[in-house]
Amino acid sequence: MTEQTMAAGFASSFADYACDQGANRDILLADSDLTEDDLSDQDNRIPVAAYQAMIGAAIKQTGDTALLLRHTFESRLETMSVVGQIVHTSASLRHSLGQLNRYLHLMGDVELPPGSDRFELQRRPDGLWIIDHLVLPPDMSFWSEISFARFISEFRRSFPGTPFEIGMEVTYPPPPHMDQYPDLFRVPVQFNACRNALQIDPVWDSPETQFEPGNEYAFGIFTRHADEMLAKLQADTSIRAQIEARILPRMHEGSISMDKVASDIAMSRQTLYRRLKDEGITFAEIHDDLRQRMAMEYLEGKKVSVNETAYLLGFSEASSFVRAFKRWTGFSPTAYLNQAA
């Protein structure tokens, strides 16, 4: 699977904060396998795993599991990423969420359900909610924690005295620093919920509620810079990631031609074959691995049946899917779900 990367600005800012709280910078860099050069430019790309290692090292040194959360509340997004500048020169909440979704990968690579943006503004009978659709393994639940902390802190800073947050629902259990939630989030929090969602004051979805006017020029400058960075990032993406991006929307079709994918990415079949060989993988292996990952996501989400999953993954018959699933996991889909329950 392609290594996930992120903007170095977040690690650089966190390292500075952690050192102010008593962490040793040399240890942070050594444990994360990063150098000062890696952190010298906020737009540099570093492995997400390196950032996680840095957070773990800082928490180990300080004994403060809320270190990243407090850093988020006390830092400014615009000092870590151009996306922060774009958000602060957007015209409204909906506009800024659109920009966050558009430039999300400039901040960091994330896994999302097919066809979903990360953030969705959803008006329901019980209120106005920002839904975070990020797919997270259990050991990375802090991403949801800090994403909502970022929303709250930026709005508190930009619109002091104007109500924003009302409540939170999170899928993770109470963290060790739950006692700090009342002081930091200042809203009721439901843990072990079925979704990650932040309830906000409905006024923020009103046509009358606009951000500070007169920022069109600055917004244009920042988005042009971000577009250039995004184009470069996409060009630098591994051939595997490019292929997965082409396969995923057509996976339900079943047989996906390597020739068609090569054409989609403006490459000859021979060149694509050589590029794959350089990365040590075949087209069939990418397709099979992507099917396996999506099978787990569909079934563990418990939103579709085995037969529906088979269709979504492009298997002509459910029995073919069951055989493939046994090859991947050693279990039938039903047995896998039963033992995971």
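None of the values given here were measured: they were computed from a predicted structure.

Novice: Got a minute to help me understand the sheet that holds strand β3 (residues 119-124) in this structure?
Specialist: Sheet strands pair by backbone hydrogen bonding; their relative direction is either parallel or antiparallel. Read from one edge to the other, the open sheet built from five strands follows the order β3-β4-β7-β5-β6, with strand pairing classed as mixed. Of all strands in the sheet, those bounded by a partner on one side alone are β3 and β6 (189-190). Taken together, the five bridges between strand β4 (residues 127-132) and strand β7 (residues 196-200) define a ladder with antiparallel strand orientation. Among the inter-strand pairings, Asp132 is bridged to a residue of β7, identified as Asn196. Seen against the sheet, helix α6 (residues 93-102) touches β3 and β7 and runs at an angle of roughly 145° to β3.

Novice: I tried to follow the side chain of Ser32 on my own but got confused; where do I start?
Specialist: For Ser32, the location among the structural elements is in helix α2 (residues 25-32). For Ser32, a relative accessible area of 4% gives the class buried. Side-chain polar atoms of Ser32 contact the backbone oxygen of Leu29, separated by 3.3 Å. Other than its neighbours up to four places away in sequence, Ser32 contacts Ala50, Ala53 and Met54.

Novice: Looking at this structure, how should I read the nonpolar core?
Specialist: Nonpolar side chains in soluble globular proteins generally cluster together in the buried interior. In this structure, Phe14, Tyr51, Phe151, Phe185, Leu198 and Ile200 are the most contacted members of the largest nonpolar core, which totals 68 residues. Leave out the neighbours within four places in its chain, and Leu198 touches Leu128, Trp129, Ile130, Phe148, Phe151, Ile152, Phe164, Glu165, Gly167 and Met168. In terms of nonpolar packing, the next biggest core, distinct from the first, is built from 29 residues, Ala262, Leu313, Phe315 and Ala324 among them.

Conventions used here
- Residues numbered from 1 in each chain as written.
- Predicted model: local features only at pLDDT ≥ 70, side-chain atom pairs only at ≥ 80, totals over all residues.
- Heavy atoms only, no water.
- Pairing = 2+ DSSP bridges.
- Helix = DSSP H or I, 4+ residues; strand = E, 2+ residues; numbered from the N terminus.
- Contact = heavy atoms within 4.5 Å.
- Axes fitted to C-alpha atoms, helices over the stretch in contact; angles between N-to-C directions.
- Buried < 20%, exposed > 50% of the residue type's maximum accessible area, 1.4 Å probe, protein only.
- Polar contact = N/O pair within 3.5 Å; in protein donor to acceptor, adjacent residues only side chain to side chain.
- Core = buried A, V, L, I, M, F, W, Y, C linked by side-chain atoms within 4.5 Å.

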